Amino acid sequence: MEKILVLDFGGQYNLLIARRVREHRVYAEVRSYRDVTATTVIEEGYKGIIFTGGPNSVYDANSPKCDKKILELGLPVLGICYGAQLMAWLLGGEVASAGDSGEYGKVSFSHTGDALFDGVPGDSVCWMSHTDSIVKLPEGFKATARTEHCPVAAVSNGKNLYAVQFHPEVTHTKYGKKILANFLFGVCGCKGDWDMTDFARSSIEKYRREFKGKKALCALSGGVDSSVAAVLIHKAIGSDLTCVFVDHGLLRKDEGDSVEHTFRELFDMKLVRVNAANEFLDKLKGVTEPEKKRKIIGEEFIRVFEREARKIGKVDYLVQGTIYPDVVESGSGDAGTIKSHHNVGGLPDVVDFEGITEPLRYLFKDEVRAVGRALGIPDELVDRQPFPGPGLAIRIVGEVTEEKLSVLREADAIFREEIASAGLSERPDQYFAVLTDCRTVGVKGDARTYGYTLALRAVSTDDFMTADWSRIPYDLIARASNRITNEVRGISRVVYDVTSKPPATVEWE
């Protein structure tokens, strides 16, 4: 299998590069700069390498730097942003702060043409996010693109080393997809014959080999990610996998029974349902801080799984449905923490398992769905609405109580019913209700009420790393609001969230 190495230097969106490569049906593997040497590259047989962006300055002593010999192997290398600066710096060029001339956001650029820009108009738009710039080119290199404030927006040595100061992986770079395709096919000579069926098949073979003679326990929530992870590992080790569905009392309306029915009826798996609502609510009592909620839920999940594992007998591995947005937002590697996902940053320091296995760790949501289809999982489960592991606990702002959970379940169910019945030509990728901690005056039957403000949230996205708020019809919002304020006791006001990601995240907490 031909593959591209994405060498990670700590940027928030580095897996987005791998995603864009995989969209061209070329497999991309993300690895930290700490773990890769020139020898590693040769042994693994990569067709090419992409240096990612990162938050550091290459001239700082402690900034991340890779083995210089990687650039001397003769393999095609594409540097992006920090990766471009690092390539120049390692090969004898100079990088310096651009000061007030740094660029952020959409910027016009022009190029003079080389293999990287084949088929790209001479003048176009790219996405910049840099303070530093290349100020002196390494020997044998020439600048191939420029902007108003950045005379070295792209460079190449005319052979196999290319670099761009901008980010071709983001959709705001108009011809970014074409630029990456030129590198993959025109420079690296890739064929583009890989797909998610290959990922599913190779993953099954990998875990069948690694888990031979071992037993695993899968943390099953019933959501898309954990369901796909469960089926994948089940196909690898069969009855040596036990799925544990922890009903933490934070699920949507009727969801616990639906999950149990689905997995008992559709899949021939060992399934244990644990009703632990009281345990979780006791732990969350009085807690209002979002990160603390996530960590409490993450630790309690692990403790329940450990307890169930001891009942089953010796269990070697815990399987989780972690996907890449969970990882990067939790502060993976050199990236900053946005919010700790319960299954990543929320894990306790010590767990009673030989290892934690995350077969989907480097995939985005739509890629996980593609794997699910390749595994033969029905569309109604694969296309199910995303639901966070901490459940409604992070859709209730402030303390979580049984009363608030009851209110939110009913309101959320109404909103989802209205979306489902609206017959939208393009349904939002995720939609739900949030119970805020804000109480507001209302009036019902000529009497004063003082109830909660409920927020409705719907977003459209292709990777959940960025998202835009959905422009659903006003009539739909009006119907949902009318039903919620009339049918759900305790709600005085309904609002619609019109904030994109960034600056917000999809979830409120």
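Because the structure is predicted, anything quoted here is derived from the model rather than measured.

### Some thoughts on the overall build of the protein chain
Alright, step 1. Summing up its helical and strand segments, the protein chain has 14 helices and 20 strands in all.
Alright, step 2. Long-range pairs, those at least 24 residues apart, make up 74% of the contacts in the protein chain between residues at least 6 apart in sequence.
Alright, step 3. If you sum the accessible surface of the protein chain, you get close to 21,500 Å²; carbon and sulfur atoms cover 46% of it.
Alright, step 4. Across the protein chain, the centroid of the 65 positively charged side chains sits 1 Å from that of the 74 negatively charged ones.

### Some points on the confidence of the model for the protein chain
Alright, step 1. Residue-level pLDDT values for the protein chain average 88, and 94% of them are 70 or greater.
Alright, step 2. For residues 329–350, every residue scores under 50 in pLDDT, and the model assigns this stretch 72 contacts once sequence neighbours within four places are set aside.

### With respect to the sheet that holds strand 15 (residues 317–319)
Alright, step 1. The strand order across the open sheet built from five strands is 14-13-12-15-16, with neighbouring strands paired in parallel fashion. Looking along the sheet, the strands with just one partner apiece sit at the ends: strand 14 (270–275) and strand 16 (355–357). Neighbour-to-neighbour, the strand axes of this sheet turn through a mean angle of 25 degrees, independent of strand direction.
Alright, step 2. Across the face of the sheet, helix 6 (residues 224–237) comes into contact with strand 12 (216–220), strand 13 (241–247) and strand 15 while running at roughly 160 degrees to strand 12.
Alright, step 3. The strands that helix 7 (residues 255–266) touches are strand 12, strand 13 and strand 14; relative to strand 14, the one it contacts most, it runs at about 165 degrees.

### As for the packing of helix 5 (residues 196–210) against helix 6
Alright, step 1. At a closest axis distance of 8 Å, the pairing of helix 5 and helix 6 adopts a crossing angle of 55 degrees. Between helix 5 and helix 6, the interaxial angle falls into the category oblique. In this structure, helix 5 crosses over helix 6, and the sense of that crossing is right-handed. On helix 6, the residues touching S203, I204, Y207 and R208 of helix 5 are L232, I233, K235, A236 and I237.
Alright, step 2. A per-class count over the contact of helix 5 with helix 6 returns six nonpolar, one polar and two charged.

### What about the sheet that holds strand 10 (residues 154–156)?
Alright, step 1. Spatial strand order, 2-1-3-4-11-10-9-6-7: nine strands in an open sheet with mixed pairing. The open sheet is flanked by strand 2 (27–32) and strand 7 (123–130), the only strands paired with a single partner. In this sheet, neighbouring strand axes are inclined to one another by 25 degrees on average, regardless of whether the strands run parallel or antiparallel.
Alright, step 2. Contacting strand 1 (3–8), strand 2, strand 3 (48–51) and strand 4 (77–80), helix 1 (residues 14–23) runs over the sheet at an angle of about 160 degrees to strand 2.

### Here we look at helix 13 (residues 402–421)
Alright, step 1. Between its first and last C-alpha, helix 13 extends 29 Å over 20 residues, near the 28 Å set by a 1.5 Å rise per residue.
Alright, step 2. Those residues of helix 13 that sit buried are K404, L405, V407, L408, R409, A411, D412, A413, I414, F415, E418 and I419.
Alright, step 3. Looking one or two residues past helix 13, G423 carries a phi angle of roughly 65 degrees, positive in sign.

### A look at the pairing of strand 2
Alright, step 1. Where strand 1 lies against strand 2, six bridges are found, and the strand directions are parallel. The partner of K3 across the bridge, within strand 2, is Y27.

### Here's the deal with the side chain of R395
Alright, step 1. Tracing the sequence through the fold places R395 in the loop between helix 12 (379–382) and helix 13.
Alright, step 2. With residues near it in sequence (within four places) discarded, R395 still touches P386, F387, P388, L408, Q430, F432, A433, V434, L435 and E507.

### Observations concerning helix 5
Alright, step 1. The end-to-end C-alpha distance of helix 5 is 21 Å, a good match for the 21 Å that 15 residues give at a rise of 1.5 Å each.
Alright, step 2. Buried residues of helix 5: M196, D198, F199, A200, S203, I204 and Y207, and no others.
Alright, step 3. Measuring from the backbone nitrogen of T197 back to the side-chain oxygen at the start of helix 5 gives 3.0 Å, which picks out D195 as the cap.

### A look at the packing of aromatic side chains
Alright, step 1. For the structure on display, the rule yields 12 aromatic pairs.
Alright, step 2. With a centroid separation of 5.2 Å and 50 degrees between ring planes, the pair formed by Y27 and W194 is classed as tilted. Placement of the pair is Y27 in strand 2 and W194 in the loop between helix 4 (176–187) and helix 5, with a sequence separation of 167 residues. The pair formed by Y27 and W194 is uniform in burial state, with each residue classed as buried.

### Brief notes about unusual backbone geometry
Alright, step 1. In this chain, K501 is followed by P502 through a cis amide linkage whose omega measures -10 degrees.
Alright, step 2. With respect to the helices and strands, P502 occurs in the segment after strand 20 (491–496).
Alright, step 3. Following P502, the chain continues into P503 via a peptide bond in cis, with omega recorded as 15 degrees.
Alright, step 4. Secondary-structure assignment places P503 in the segment after strand 20.
Alright, step 5. Even without being a glycine, C81 presents a positive backbone phi close to 55 degrees.
Alright, step 6. Position of C81 relative to the elements: it lies in the loop between strand 4 and helix 3 (82–90).
Alright, step 7. The phi angle at D254 is positive, at roughly 65 degrees, despite the residue not being glycine.
Alright, step 8. In this structure, D254 sits in the loop between strand 13 and helix 7.

### Side note on the nonpolar core
Alright, step 1. If you look at the biggest cluster of nonpolar residues, it comprises 89 residues, and the most contacted ones within it are F305, V371, L375, L454, L456, I484 and I491.
Alright, step 2. Apart from the residues lying within four places of it in its own chain, the contact partners of I491 are V407, L435, K444, Y452, L454, I484 and T485.
Alright, step 3. Formed by 39 residues, the second largest nonpolar core is a distinct cluster that contains I17, A18, C81 and Y324.

### A closer look at the environment of F305
Alright, step 1. Summarising the element assignment, F305 is placed in helix 9 (residues 290–312).
Alright, step 2. Note on F305: relative accessible area 3%, which makes it buried.
Alright, step 3. The spatial distance from the C-alpha of F305 to the C-alpha of V246 is 8.3 Å, given a sequence separation of 59 residues.
Alright, step 4. The residues contacting F305, other than those within four sequence positions of it, are L217, A219, V244, V246, L318 and F353.

About the criteria used
- Residues numbered from 1 in each chain as written.
- Predicted model: local features only at pLDDT ≥ 70, side-chain atom pairs only at ≥ 80, totals over all residues.
- Heavy atoms only, no water.
- Helix = DSSP H or I, 4+ residues; strand = E, 2+ residues; numbered from the N terminus.
- Contact = heavy atoms within 4.5 Å.
- Areas by Shrake-Rupley, 256 points an atom, 1.4 Å probe, with all protein chains shown as cover.
- Lys, Arg positive; Asp, Glu negative; His and termini not counted.
- Charge placed at Lys NZ, Arg CZ, Asp CG, Glu CD.
- pLDDT = per-residue confidence, 0-100.
- Pairing = 2+ DSSP bridges.
- Axes fitted to C-alpha atoms, helices over the stretch in contact; angles between N-to-C directions.
- Parallel < 35°, antiparallel > 145°, perpendicular 65-115°, else oblique.
- Left-handed = near helix turned anticlockwise from the far one by under 90°.
- Nonpolar A, V, L, I, M, F, W, Y, C, P; charged D, E, K, R; others polar.
- Expected span 1.5 Å × (residues − 1).
- Buried < 20%, exposed > 50% of the residue type's maximum accessible area, 1.4 Å probe, protein only.
- Polar contact = N/O pair within 3.5 Å; in protein donor to acceptor, adjacent residues only side chain to side chain.
- Phe/Tyr/Trp six-rings, centres within 6.5 Å; stacked < 30°, edge-to-face > 60°.
- Core = buried A, V, L, I, M, F, W, Y, C linked by side-chain atoms within 4.5 Å.

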